[in-house]
Structures are given as C-alpha cells and as structure tokens.
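Residues per chain, in single letters:
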Amino acid sequence: MSEIDVPESHPRYQSLLTRHRIEAGVEKGITSKQGLIAEGRGEAFDYLLGERTIDSADRAERAAAALLLLAERPVLSVNGNVAALVPGEMIDLAAAVDADIEVNLFNRTEERMDAIAAHLREHGAEEAGVQIKGLTADARIPGLDHERAKVDADGIGAADVVLVPLEDGDRAEALAAMGKSEIVIDLNPLSRSARAAAVPIIDNIIRAVPNVTAHARELRGASREELEAIVGEFVGAEALEAAETTIRSGDLD
Ligand code: PTJ
C-alpha cells in the first residue's frame, strides 16, 4: 500500500492515485475546483492512450530535457493541478536542469499562491536549491487579459525556455509570441497549448516529469552540439499526430 488505500497492483492504481492527489489538493487549498474537471478531461485521454508513455512522447520528453539543458534561463510553471500531482518531481526536475519554478494561476488568489509556494517548500524546494517565483508579479505577458498574465520579471518574464503543463489556453501562444521556447505537457493533442509548443509532450504529467528528469540526468554530460541535434531532430507536429492517431485508433495493445 502507498499513499492511498489501494494496492499498487490494482489495475486502476495510477488513476486512483491521481484522483486522490487532486482531491487532497482541493482540500489543502492549492487546487481549484475547476482542477477536478481538468483532471477528468485528462483522464479520458489517458485511458485512450492506454495509460502509458507512447514512443513519440518519450522522444518529446528527451527533446524537452535537451532544450532545458541548453536554456540560459529555464522556468517551470506550476498551477494548482501540477502542485497537487507532482510537487517533489517538479523540484527534482528543476534541480536537474538548474531551473526556477514559478507559480502561475488562472484562478489566482493570494491564499492559493501562498499555499502552493508553501507546499513546494514542504516538498524540499529550498534543500534542492530551487527558487520559487511568481509572488512578486512585477511583469505582464502582453496580450493576455486574465490573471495568468501576471509573472515575475526575473522569472517567466526573463525566461528563454518555459515548461507549461496542464493548461489549455492562450498563454502558450502569448509566450511564443514573446519569443520564448515552450515545452507543454498535456494529454490532449488538440489543446491550444500543445499546438503552440516547440515541444509538445502528450503524456500524463505523473509519468512525463520523472521521465524528462531521467533523460536530463542521462544527457547531463552531452555537448551543446549533441543537445542541439536532439532538439533539431524532434518534430512537434509528428508527436501531436502520433498521439492523436493512437487515441483515435482505440488500439490499446
Ligand atoms: O490552478 P489554476 O487556477 O491555474 O487552474 C488550473 C486548471 C487546470 C484548472 C486550468 O488551467 C484549466 O481549466 O485547464 P483546462 O483548460 O481544463 O486544461 C487542462 C489540460 O490539462 C486539459 O487539456 C487536460 O486534458 C490536461 N490534463 C489534465 N490532467 C492531466 C492533463 N495533462 C497531463 N497530465 C494530467 N494528469
């Protein structure tokens, strides 16, 4: 047994664990109620993907690791669902690629911002040397008229590569218009964010983040040329198409 009262051998273990974490996130004041709906949407896609990392997603995760290692100022964006599902895993990734984490919320309130920052500290951000940003909010993403426009000038404002997980919206397009390279994690290959990304990862964040970290650790000694070749060979449109074909084919073998 682990953090939920269900054995790991249970066929729905991962999905039950994910639901449990989101529910606990709502109870703790870090996840919005809308986050429950977003989770349900994600689960439906994951079910059709066979709840596994398909080959094209693994290649995207490797390209994401290379892009983060090449970045001058990488930032990992965290919302209420991400904080509930993979807090420790995001800190591990930030430490592996020397990135900052920035809390950025659609349903932004001071209470949730503080609760998420505290939750990330509880999961060892300081010990790992990872900075938590987003509370200053002294810059704006041009062209967005909602709360996700609020960013830290020395965080997402100054970043060259941004990891944007679990949001289907216009921020990814606005960040791309600012010239930033984006890595998006989203189980929906039709999501606007995934389609705006340089590297779209169509996978469950629970599997994706540890796998990007594993690739980053393995690639740590690689030269800039090798990393650039990995990024250069990756074609986002092919990754989106492979995921959509898998979902539509319904072949779960
Ligand atoms: O915490 P806040 O206030 O910033 O709000 C966050 C949510 C997620 C509620 C907000 O961004 C939202 O409403 O998002 P959407 O528009 O529902 O988009 C969420 C996307 O994430 C959908 O395309 C889902 O398919 C996808 N998704 C949900 N769960 C997962 C996921 N992708 C990967 N892994 C998951 N576990």
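Details of the site of the ligand
So, point 1. Taken together, 26 residues lie near the ligand, and Gly80, Phe106, Asn107, Arg112 and Asp186 sit nearest.
So, point 2. The side chain of arginine 148 places a nitrogen or oxygen atom 3.1 Å from an oxygen atom of the ligand.
So, point 3. Measuring from an oxygen atom of the ligand, one finds a side-chain N or O atom of aspartate 186 at 2.8 Å.
So, point 4. Taken by itself the ligand offers 750 Å² of open surface, and the protein chains cover 94% of this.

Considerations on the sheet that holds strand S2 (residues 100–103)
So, point 1. Here we have six strands laid out as an open sheet, ordered S3-S2-S1-S6-S7-S8, and parallel in their pairing. Each edge of the open sheet carries a strand with a single partner, namely strand S3 (132–133) and strand S8 (199–201).
So, point 2. Across the sheet, helix H3 (residues 55–70) lies against strand S1 (74–78), strand S6 (161–165), strand S7 (181–185) and S8, angled at about 135° from S8, the strand it touches most.
So, point 3. Sheet strands in contact with helix H9 (residues 205–219) are S6, S7 and S8, and its direction is about 135° off that of S7.

Observations regarding unusual backbone geometry
So, point 1. Positioned with a positive phi, aspartate 98 is a non-glycine residue whose angle comes to about 60°.
So, point 2. Looking at where aspartate 98 falls in the secondary structure, it is placed in the loop between helix H5 (87–97) and S2.
So, point 3. By relative accessible area, which is 68% here, aspartate 98 ends up exposed.
So, point 4. With a phi close to 55°, leucine 166 is a non-glycine residue in the positive phi region.
So, point 5. Mapped onto the elements, leucine 166 comes out in the loop between S6 and helix H7 (171–177).

Digging into helix H2 (residues 33–49)
So, point 1. With 17 residues, H2 extends 25 Å from end C-alpha to end C-alpha; this agrees with the ideal 24 Å at 1.5 Å per step.
So, point 2. Turning to H2, its buried residues are Gly35, Glu39, Gly42, Glu43, Phe45, Asp46 and Leu49.
So, point 3. In the core, the buried residues of H2 are packed alongside helix H1 (13–27), helix H4 (80–85), H9 and helix H11 (236–249).
So, point 4. Looking one or two residues beyond H2, the residue adopting positive phi is glycine 50, at roughly 85°.

Rules and cut-offs
- Residues numbered from 1 in each chain as written.
- Predicted model: local features only at pLDDT ≥ 70, side-chain atom pairs only at ≥ 80, totals over all residues.
- Heavy atoms only, no water.
- Near = heavy atom within 4 Å.
- Polar contact = N/O pair within 3.5 Å; in protein donor to acceptor, adjacent residues only side chain to side chain.
- Areas by Shrake-Rupley, 256 points an atom, 1.4 Å probe, with all protein chains shown as cover.
- Pairing = 2+ DSSP bridges.
- Helix = DSSP H or I, 4+ residues; strand = E, 2+ residues; numbered from the N terminus.
- Contact = heavy atoms within 4.5 Å.
- Axes fitted to C-alpha atoms, helices over the stretch in contact; angles between N-to-C directions.
- Buried < 20%, exposed > 50% of the residue type's maximum accessible area, 1.4 Å probe, protein only.
- Expected span 1.5 Å × (residues − 1).

Functional significance is not addressed by these values, which are geometric in nature.
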